[in-house]
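Observations on the three-dimensional arrangement
Okay, here's what each chain looks like letter by letter:
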Amino acid sequence: MTYQWDWSALWDNLPLLLDGISTTVVATAASMAASLILGLPVALLRLSRPAVSWLATVYIELFRNLPLLVLVFWVFTALPLIIGYTFSPLASGIIALSLNLTAFIAEIYRAGITSIAPGQSHAALALGMTRVQLYKRIILPQAVVRVLPALGSMWVSLFKDTSILAVIGVAELMYQGRMVATDTYRPLEIFTGVAIIYYLLAYPQALGVNWLYHRLQVQE
Amino acid sequence: MTPAFADVLLRVEGLHKTYGSAPVLRGIDLTVQRGEVVVMVGPSGSGKSSFLRCLNRLEEPSAGHIYIDGIDIAAPGVKLPLIRRNIGMVFQHFNLFPHMTALGNVAEGPRTVLRMSRAEAEKRALDLLGKVGLSDKIHARPALLSGGQQQRVAIARALAMQPEIMLFDEVTSALDPELVAGVLGVMRKLAEEGMTMIVVTHEMEFARQVGDRIDMLEHGAIVEEGKPNDILRSPRHASTQRFLSSLLKERAT
Amino acid sequence: MASGHYVWDFGAFFRNLPFLLSGMEITILVSLLAMVVGSVVGLFVALARLSKFRPLRMAAAFYVDFLRATPLLVQLVWVFFALPILVGHSLTPIVAGVATLGAYSGAYLAEIFRAGILSVASGQRHAALALGMTGAQVLRRIVLPQAVTRMLPPIASTFITLVKDSSLVSIISVAELMWAAQSLASVSLRPVEVLTGTGLLYVALTYPLSLVAELARRRFLAV
C-alpha cells in the first residue's frame, strides 16, 4: 500500500509556480522599500523628546505585537469599510506587511543610531555642527552600515511572510501552490515542491545575511 | 606665551552647575587673556571636565555668565553652532570619526560647518596635518593610528576651525606614556604661537614650562591660583599640597 | 460605498466576547504545548549539532536550515494536507498545528540552545573534564546552569513570536482566536469591530509578555 509518487504534476505546472515567485518578490521588494523609508522618521521620533516620542512607541509596540495574519485581514476587510476605498489584494498585502515591518525596522534603526559612541556627537557638536549636520555626516553613515545585517535578516523573514498573503488571494507562490494542488489532486508532490522552492530561494539569502554579519564586524 | 597686550578673551562669572541635587561647579570666576595658557588641575570629581564642557555648552550651566569677546554665550537664545565654531575642544578619548580618514576628519569642520569647498577644506587640512607631523598619515583611518597620532589629528581637527580659544580635556590621560610627549609637543608649539588655551591635565612639567597660570579646582570651586613656579614649589592651600604630593608619588612609582 | 465617516459599533464584539475568549484559550493552549514540544526538539537538535558524529551534525543542521527557510504557513499546510497522504493516516487540526509549531520553533530554539551552550567558555569544560567528569556531568553541572540564564531572553521572545504565529493554525481550522474572529466577523456582519477588537486582544496577550521579556533581558544580559 505504498504511495505512488507522481512528480509530473509538479514539473508540468512549474511555470505557474514560477509566476507566483515573481509576485512574491514584488511584494517583498515593495514592502521592504516602503518600510526602509518610513522606518527612519519613526525611529527619529522615538529618539526625540518624551512629549512626542510616545507616539512612535505606541506605533512600534502595536505593530510588533499584532500577528501578521490579523493585520492582513484587517487591511483587506476592515480598512476598506472604514475609509470607503478598496485596495487590491496585493496592495492590501503590501500595506499590511509595510505597517508591520516599519515597526521592526524603526527599532533596528534606533539600535544602530544609539550604538554610535556619544563621544562622536560631542566632537561634532563642539566643531559647531547643527544636529541635522551631525546626523547627516556622522551618525547615519555609520549607523546604516551597522544595521545592514539586521536589515538583511528582515528581508529574509519578509520573503517568507509573503506566503500569508495567499489567504487574501494574492497570487504569490503559496497561492499558486494551493491552486495547482487542488487542480492536480496531488497535494503531497505539489506542497513538497513548494517547500523545496522556498528553501532553494530563501536559504542562499540567509547565507548572504550571515556573510554580512561576518563581514561587517563593528569596530569602536 | 606672555601676551603682548592685556586683552580679556574669556570671562567666567559665577558659573554654577548641579546634576540633580549634586553641585558640580560652585560659582567659578575666571578670566583668561588672549594668548594666555591656563592649566587647570585637581582631583577627579572636582568638576574640571564639567567646567570645560560648560564653556562650549556641551553641558548646560545651571547659573552664571560666560563672556567670550564680551558676548555672554550662556544667555538664552544664543545660537550654539555659531559660538562653538570659535571654541576648539580636544577630548580625552579623541572622538575621531571612524568612517573618515585623518584628512577627512580635519576637513570635516571647514566643509560642513564653514561651508568651504572640498578643495579648500582639504588644503587647510593638509597644512594642519603637516603642522602636527602627520603628513604621511593623511589617508589613514583612525583605527590604523596610534593613540598619540589620533590625538594629534583631533587637535588638527579643532584647529581647522580657526578658533580663538582651545580647550584641552585631559588629552594625554588615555595615552601610553611614550606617546604623551608627541602630543604635548604639539600643544607647546601652539602656545608659543600665541593660542589662548585652557588645559586640564596632570602633566605638571608641561604646566611649569608652558602654562602662564595654574588654577587648582576642588569640589567645584577654585581654591588656589597663581604662577606655575609659585604654586608648584610652595602651594599655600592644604588641598593643593595634598593633590600635588599625590601626583609626585604617582610619578615616583 | 460609504462616502461619509464609518459608524463604529462594538456591540457585536462585546456581546460575543466569551466566544472569542474561548478561542483565546485555545491559542494559549496551542502556544504552550508547541513551546514544550519545541523545547524538547530544540534541545535534541542542539545537542545533535554539537555532537562529534558528523552525519548527525549535518542532519541537524539541515533540519534547522530547512525549517527556518520555509514559511510556517507552507509547513502547516504540508503537515495537514500532504503528510496524511504519505503516512496514510490523517491528523486532527490541533495535533497538526501543535506538531508543526513545535517543530518550527524547535529549529529556532535549537540555535538559541546551541549558542547558549557554546557561550560558556571552553576553559570551564576543560577544567571539569580534567576533574574526571563525564560529558553529561559537565553539561548538567557546569554548562547548562550558566547557559540557561543567558538563553532566557531569546527564549522569551521565541515564545512571544510563537503566540503570534499560532494565529496561522486557524487556516487549518484549529478553533483558536483568529478562527473564532473570522467566524464571528462573517456571522455578525461587523468585520471592522471584530477584527479590530481581535487585534487588540492579541496585543493584550503579547504586550505584557514582551514587557516581561524585556525585564528578563535587562536582568540576565546586563554585562
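From a predicted model like this one, the values you see are computed outputs, not experimental measurements. (Residues numbered from 1 in each chain as written. Chains lettered and ligands numbered in written order. Predicted model: local features only at pLDDT ≥ 70, side-chain atom pairs only at ≥ 80, totals over all residues.)

**A few points about the pairing of strand β9 (residues 213–218) of chain B**
Residue and element names in this part refer to chain B.
- Summarising burial for β9: 6 of the 6 residues are buried, a large majority.
- Here β9 shows two buried faces, one formed by Arg-213, Asp-215 and Leu-217 and the other by Ile-214, Met-216 and Glu-218.
- Sheet topology note: the strand β3 (residues 37–41)/β9 ladder contains 4 bridges and is parallel. The partner of Val-39 across the bridge, within β9, is Ile-214.
- Examined bridge by bridge, β9 and strand β10 (residues 221–226) share 5 bridges and lie antiparallel to one another. (Buried ≥ 20, exposed ≤ 12 C-beta atoms within 10 Å, placed from the backbone. Helix = DSSP H or I, 4+ residues; strand = E, 2+ residues; numbered from the N terminus. Pairing = 2+ DSSP bridges.)

**Structural notes on the packing of helix α3 (residues 50–65) of chain A against helix α5 (residues 89–114) of chain A**
All names here are of chain A.
- One way to put it is that α3 packs onto α5 with a least axis distance of 8 Å and a crossing angle of 120°. Of the possible angle classes, the one that applies to α3 and α5 is oblique. Crossing of α3 over α5 shows left-handed handedness. Listed contacts from α5 to Ala-56, Tyr-59, Ile-60, Phe-63 and Arg-64 of α3 are Leu-99, Asn-100, Ala-103, Phe-104, Ala-106 and Glu-107. (Axes fitted to C-alpha atoms, helices over the stretch in contact; angles between N-to-C directions. Parallel < 35°, antiparallel > 145°, perpendicular 65-115°, else oblique. Left-handed = near helix turned anticlockwise from the far one by under 90°. Contact = placed C-beta atoms within 7 Å.)

**Points about the interface of chain C and chain A**
- If you look at the interface, chain C gives 34 residues, while chain A gives 32 residues.
- Sorting the residues of the side of chain C that touches chain A by element identifies α3 (54–69), α4 (72–87) and α9 (191–220) of chain C as the ones contributing at least two each.
- If one sorts the elements of the side of chain C that touches chain A by residue count, α9 of chain C sits on top with 11 residues.
- Split by residue class, the side of chain C that touches chain A holds 23 nonpolar, 9 polar and 2 charged. (Nonpolar A, V, L, I, M, F, W, Y, C, P; charged D, E, K, R; others polar.)

**Observations concerning the interface of chain B and chain A**
- Every contact between the two is made by 19 residues of chain B and, on the other side, 16 residues of chain A.
- Among the secondary structure elements, those contributing two or more residues to the side of chain B that touches chain A are α2 (80–84) and α3 (102–113) of chain B.
- Per-element tally for the side of chain B that touches chain A: the top contributor is α3 of chain B, with 4 residues.
- Classifying every residue of the side of chain B that touches chain A gives 10 nonpolar, 6 polar and 3 charged.

**Topic: the nonpolar core**
- Judged by nonpolar contacts, the single largest core of 205 residues is most densely connected at Val-72 of chain A, Val-106 of chain B together with Leu-76 of chain C.
- The biggest single contributor to this core is helix α5 (residues 93–119) of chain C, with 13 residues.
- Aside from chain neighbours lying at most four places away, what touches Leu-76 of chain C is Gly-97, Thr-100, Leu-168, Val-169, Ile-171 and Ile-172 of chain C. (Core = buried A, V, L, I, M, F, W, Y, C linked by C-beta atoms within 7 Å.)

**A short note on the confidence of the model for chain A**
- Here chain A shows a mean pLDDT of 92. Residues at 70 or above account for 97%.
- Taken element by element, the predicted model of chain A shows its lowest mean pLDDT in helix α1 (residues 8–12) of chain A (89) and its highest in α5 of chain A (96). (pLDDT = per-residue confidence, 0-100.)

**Here we look at the packing of α3 of chain B against helix α5 (residues 147–159) of chain B**
Residues and elements named next belong to chain B.
- Where α3 contacts α5, the two axes come as close as 7 Å, and the packing angle between them is 25°. With respect to their mutual orientation, α3 and α5 come out roughly parallel. In the packing of α3 onto α5, the handedness of the crossing is right-handed. Contacts between α3 and α5 involve Ala-102, Asn-105, Val-106 and Gly-109 from the first element and Val-153, Ala-156 and Arg-157 from the second.
- Of the residues contributing to the contact of α3 with α5, the split by class is 4 nonpolar, 2 polar and 1 charged.

**So, the environment of Val-186 of chain B**
- Mapped onto the secondary structure, Val-186 of chain B falls in helix α6 (residues 177–192).
- C-alpha of Val-186 of chain B to C-alpha of Arg-233 of chain B: the two residues are 47 residues apart in sequence and 26 Å apart in space.

**A closer look at the sheet that holds strand β1 (residues 8–19) of chain B**
Residue and element names in this part refer to chain B.
- Spatially, β2-β1-β4-β5 is the arrangement adopted by the 4 strands of the open sheet, whose pairing is antiparallel. Since the sheet does not close on itself, it has two edges, and those belong to β2 (22–33) and β5 (71–72), each with one partner.
- Pairing of β1 with β2 involves 9 bridges; the strand directions are antiparallel. Residue pairing for β2: Lys-17 is matched across the bridge by Leu-25.
- Together, β1, β2 and β4 (63–68) form the strand contacts of helix α1 (residues 48–55), whose direction differs from that of β2 by roughly 60°.

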